[in-house]
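Secondary and tertiary structure notes
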Amino acid sequence: MLSLCANYGPMSWTCATFIGLAAIDPIAIGGVGAAIVAAIVAIIAFGASRRASARAAATETAAASLTAERDRLREMLRSAAGSASEHEKLAQELDQARAEIDSLRTRRFEAHWLSLLGQQVGAATHEVNNRLGAAILGSSSLREKIAVLTGRLQSDELRRSDLEGFISTALETGDLVQPNLRRAADLLVALKQVATDQLPGSRRRVELKGSLQAIATTLQLVHKTTGLQIAVEGIEISVDRAGAAFPRILAELVSLSMLGPLAGRRDGRIRVSLLRRGAFLALHYSDDGSRFPISVAEAINRGSEQPDSAPEPLQPLLELVVRELRGSIQVGVDPAAGTNLIRIESPLEAAV
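Calculation criteria
- Residues numbered from 1 in each chain as written.
- Predicted model: local features only at pLDDT ≥ 70, side-chain atom pairs only at ≥ 80, totals over all residues.
- Heavy atoms only, no water.
- Salt bridge = Lys/Arg side-chain N within 4 Å of Asp/Glu carboxyl O.
- Helix = DSSP H or I, 4+ residues; strand = E, 2+ residues; numbered from the N terminus.
- Buried < 20%, exposed > 50% of the residue type's maximum accessible area, 1.4 Å probe, protein only.
- Pairing = 2+ DSSP bridges.
- Axes fitted to C-alpha atoms, helices over the stretch in contact; angles between N-to-C directions.
- Contact = heavy atoms within 4.5 Å.
- Patch = residues over 30% accessible without salt bridge, like charges linked within 9 Å, V, L, I, M, F, W, Y side chains within 5 Å.
- Areas by Shrake-Rupley, 256 points an atom, 1.4 Å probe, with all protein chains shown as cover.

**A few points about the pattern of salt bridges**
Note on pairing: side chains with opposite charge can pair once their charged atoms come close. By the definition in use, this model includes eleven salt bridges. The shortest N-O distance in the salt bridge between Glu-127 and Arg-131 comes to 3.1 Å. Of this pair, Glu-127 and Arg-131 both sit in helix α3 (residues 26–154), four residues apart, which is roughly one turn of the helix. Under the relative-accessibility criterion, Glu-127 is labelled buried at 5%. We classify Arg-131 as partly exposed; its relative accessible area is 25%. Among the ionic contacts, a cluster of salt bridges with common partners joins Glu-127, Arg-131 and Lys-224.

Structure representation (structure tokens):
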């Protein structure tokens, strides 16, 4: 009973007093004291009941809170599982989009190259037709002279002057026909080499200097009206994988010069040098035009690190150098000649 009084709080002293008196002299306390004690005991019991109810309510609240937290965690787990599935789906869609972008970029670059190649083929075909036309005209004229000479010979009217005239005409015709036929044959050989170097999946080895000379020939024809001259110098290097990349790089560089430093110029000069520097193959390209705009030079110089950030007209060139050859490209000035100079270097194992 005393323990109950101790737990009751504010009435614990009164409770303990009455219980103590009852213990000392229960007769002296009498019926009134017993009633009071009974009331106190009832109050204590009621308080204990309330505290038990409060504890039960608190326990029930805690249980409800734990149940709610459990449900929340379950929902979080379901959400996380759904998010993971959605993330995986988004990752797959992103990979697919990247693949499609790469495919579109490749097709765009190929279309760009085919456009450049089409210009070269068109210019070379036109030149071949002109050369063959001149040769055919010369041979037809010679055939007519032979027919006239034959007729005079058969009629016994052939004079010494006729024979001398015929010999002179024949020599002139030969001087006309032979160079044109040779030029036409050279152009056809150049076209054949350019086309063969660009065959998809071709693994044949290419003499790089000869390949660049062939495409330089066709590029000069594209810009024939400007009198452009392209000289290919340096060492001959036998390459495999770069057989297609380097001629395309030269075509891109020439287009860059003709749209920029050599725009509106006549008799522009371009020089291409092939060098071998240890484990690297180097191509030095220079033109005698005005300086490249600073924005273009900076974009090219940054292109070795960030090819995709370059302006669209420069991306085919950077794609070939950086991704195809795993090389680098820098724009500067030739300290000796004072001309524009573009240096391209590629590991030999990427080219050979």
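**Some remarks on the sheet that holds strand β2 (residues 229–234)**
Read across the sheet, five strands follow the order β2-β4-β5-β7-β6 without closing on themselves; strand pairing throughout is mixed. Here the strands that pair on one side only, and so sit at the sheet edges, are β2 and β6 (328–333). Going from strand to strand, the sheet's axes swing by 15° on average, the running direction of each strand aside. Pairing of β6 with strand β7 (residues 340–347), which is carried by six bridges, proceeds in the antiparallel orientation. Paired with Gln-330 across the bridge in β7 is Arg-343. Contacts from helix α5 (residues 208–222) reach β2, β4 (269–277) and β5 (280–287), with the element oriented near 175° to β2. Sitting on the sheet, helix α6 (residues 245–259) touches β2, β4, β5 and β7, and the angle it makes with β5 is about 25°.

**Let's talk about a nonpolar patch on the surface**
Taken together, Leu-153, Leu-158, Leu-163, Ile-167 and Leu-171 make up a surface patch of nonpolar side chains, about 450 Å² in accessible area. With three residues, helix α4 (residues 160–197) is the largest single contributor of residues to the nonpolar patch. With respect to the element layout, Ile-167 can be found in helix α4.

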